[in-house]
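Observations on the three-dimensional arrangement
What follows is the residue order along each chain.
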Amino acid sequence: MSKISIPFLDLALQHQALEVELEQAFREVLDARAFVLGPFVERFETDLAAYLDVPHVVSLNSGTDALMLALKALGIGPGDEVITVPNTFFATVEAILQVGAKPVFVDVDPQTALIDVTKISEKITPKTKALLPVHLYGQPASMEPILTLAKKYNLAVIEDACQAIGSEYRGRKAGTLGDIGCFSFYPGKNLGALGDGGALVTRSPEIAEKVKKLRNHGGTIKYQHDMVGYNSRLDGLQAAFLLVKLRHIDTWNQARREIALHYRSGLGQLKTVRPLQMMEDRISNEHLFVVQVASENRDRIRETLQSEGIETGIHYPVPLHHVLRDQGLDSGKTSFPVSEKLSRSILSLPMYPGLLPSQIDQVVGLLSRGDLF
Ligand SMILES: *Cc1c(COP(=O)(O)O)cnc(C)c1O
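Right, let's walk through the structure included here. Please read all numbers here as calculations on a predicted model, not as lab measurements. (Residues numbered from 1 in each chain as written. Predicted model: local features only at pLDDT ≥ 70, side-chain atom pairs only at ≥ 80, totals over all residues. Heavy atoms only, no water.)

Observations regarding the pattern of salt bridges
Under the counting rule described, the total for this entry stands at 12 salt bridges. Residue D116 is joined to K119 by a salt bridge in which the shortest nitrogen-to-oxygen separation is 3.5 Å. Given a relative accessible area of 29%, K119 falls into the partly exposed group. (Salt bridge = Lys/Arg side-chain N within 4 Å of Asp/Glu carboxyl O. Buried < 20%, exposed > 50% of the residue type's maximum accessible area, 1.4 Å probe, protein only.)

Details of the nonpolar core
Across soluble globular proteins, nonpolar side chains have a tendency to be buried as a group. Formed by 35 residues in total, the largest nonpolar core has its most connected members in F44, L48, I165 and F185. For this core, the secondary-structure elements that each account for two or more residues are helix 1 (12-32), helix 2 (39-52), strand 9 (198-202), helix 7 (236-246) and helix 8 (249-267). Beyond its immediate chain neighbours, meaning those up to four positions away, L48 contacts V57, I165, F185, A199 and L246. (Core = buried A, V, L, I, M, F, W, Y, C linked by side-chain atoms within 4.5 Å. Helix = DSSP H or I, 4+ residues; strand = E, 2+ residues; numbered from the N terminus. Contact = heavy atoms within 4.5 Å.)

Overview of helix 9 (residues 295-307)
Given a rise of 1.5 Å per residue, 13 residues ought to cover 18 Å, and the 19 Å separating the end C-alpha atoms of helix 9 matches this to within 8%. Burial in helix 9 covers these residues: N297, R298, I301, T304 and L305. Down the axis of helix 9, the buried set is contained in an arc of 140 degrees. They therefore lie on one face. Turned more than 90 degrees away from the buried face of helix 9, the exposed residues are E296 and E303. Two residues or fewer after helix 9 comes G309, characterised by a positive phi angle close to 85 degrees. (Expected span 1.5 Å × (residues − 1). Arc of directions from axis to C-beta.)

Side note on unusual backbone geometry
Cis peptide bonds are those with omega within 30 degrees of zero, and the linkage from H315 to Y316 qualifies with 20 degrees. Within the secondary structure, Y316 is located in the loop between helix 9 and helix 10 (320-326). A positive phi angle, near 60 degrees, is found at D53, a position not held by glycine. With respect to the helices and strands, D53 occurs in the loop between helix 2 and strand 1 (56-60).

A word on the environment of A113
Relative to the assigned elements, A113 resides in the loop between strand 3 (102-105) and strand 4 (128-131). On the basis of relative accessible area, A113 is assigned to the buried category, the value being 3%. Along the sequence, A113 and S339 sit 226 residues apart, while their C-alpha atoms lie 7.7 Å from each other. Filtering out sequence-adjacent residues up to four positions away, A113 remains in contact with N87, V108, L136, Y137, L276 and L342.

Describing the sheet that holds strand 7 (residues 172-173)
In spatial order, the strands read 7-6-11; together these three strands make up an open sheet with antiparallel pairing. Taken across any chain shown, the strands that pair with only one partner, and hence form the sheet edges, are strand 7 and strand 11 (282-283). (Pairing = 2+ DSSP bridges.)

Some points on the pairing of strand 1
Counting buried residues along strand 1, four of its five residues qualify, which places the element largely inside the surrounding structure. In terms of strand pairing, strand 1 meets strand 9 through five bridges, oriented antiparallel. For V58, the partnering residue across the bridge sits in strand 9 and is L200.

Comments concerning the sheet that holds strand 5 (residues 156-160)
The strand order across the open sheet built from seven strands is 1-9-8-5-4-2-3, with neighbouring strands paired in mixed fashion. Both outer strands of the open sheet, strand 1 and strand 3, are each paired with one neighbouring strand and no more. Neighbour-to-neighbour, the strand axes of this sheet turn through a mean angle of 25 degrees, independent of strand direction. Relative to strand 3, strand 2 (residues 81-84) runs parallel, the two being bridged by four bridges. Looking across to strand 3, one finds that I83 is bridged to V104. Running over the sheet, helix 2 touches strand 1, strand 8 (180-184) and strand 9 and is turned about 130 degrees from strand 1. Contacts between helix 5 (residues 143-153) and the sheet are confined to strand 4 and strand 5, with strand 5 contributing the most and set at about 150 degrees to the helix. (Axes fitted to C-alpha atoms, helices over the stretch in contact; angles between N-to-C directions.)

What follows is the structure in structure tokens.
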């Protein structure tokens, strides 16, 4: 194994720059002994609400629980169907299954890898309760047609914005357009805690109130349990770290956009390596930079990059209807050819603020090598 010279993600750079502030945040939480919920969590919720321009933020222990509690708060459970995509992180579908509902898949657009809005209505049945689009790799899904369909069929819209903090759709922040938006602060996300974290955002005071209870054993007052809930709270320590990092998110997202532009201009000449399409009415936070190559070459390209010290990823290698099928779970009988093809042809290139232009050129240079194709 050769040494990694360009990692897929490098958080050390970010943490070195913030070391003093993060250590101070740790001290403050220690001194205040505010370890679970409490003042740091409240401040983080207030700051995130201001950043996203949304009235209610309920911080949680993870993005997965944000999705699960979103469904719970809407009363979705056994006998209900939720429409989503097969090419997302497993957590999207896990949340639907955790509440006892059935995931119903819609294939994606081959250019953007986002939900194909022309294929949603044929999947709507009397059991459908919600649409759960995923803002994959940071690019928001086509929210306007999704919201129009939701209105027509009286469905809730839950945005999986776990990868899309700071992204925008027609001037509005991803995660604030539907009934509920779900965010993750897993360390590798654009706004990452030093551990797990998540948040649910909404314009509805009723939903926010219910989720505040659900995250804390069914109540907001100690030993008063209004319902059967969960332990899905955010730590004070993570909130304090996130407060430090939230101040930098726009700078980091901008740095990622510049890196994406650099990749795009470098790869522009190649017919063999095609970045996903970006729609003009949205701004991506460029969480991942994903290209498509011929599926028969993908694994070899990956190995060659690895042997040159360049790490890549695949998001995601197995479409989720196959994951469910392999577990003996019902995922409907249909096949999803676009998602299946994407799973074999996608490759995620190194992407993080601090990735140098010379390093991008090095990746592009390797991808331009004729012997790879
Ligand atoms: C990260 C992620 C999640 C889950 O978030 P966690 O905080 O890791 O639980 C859900 N959906 C998508 C699309 C994600 O990328």
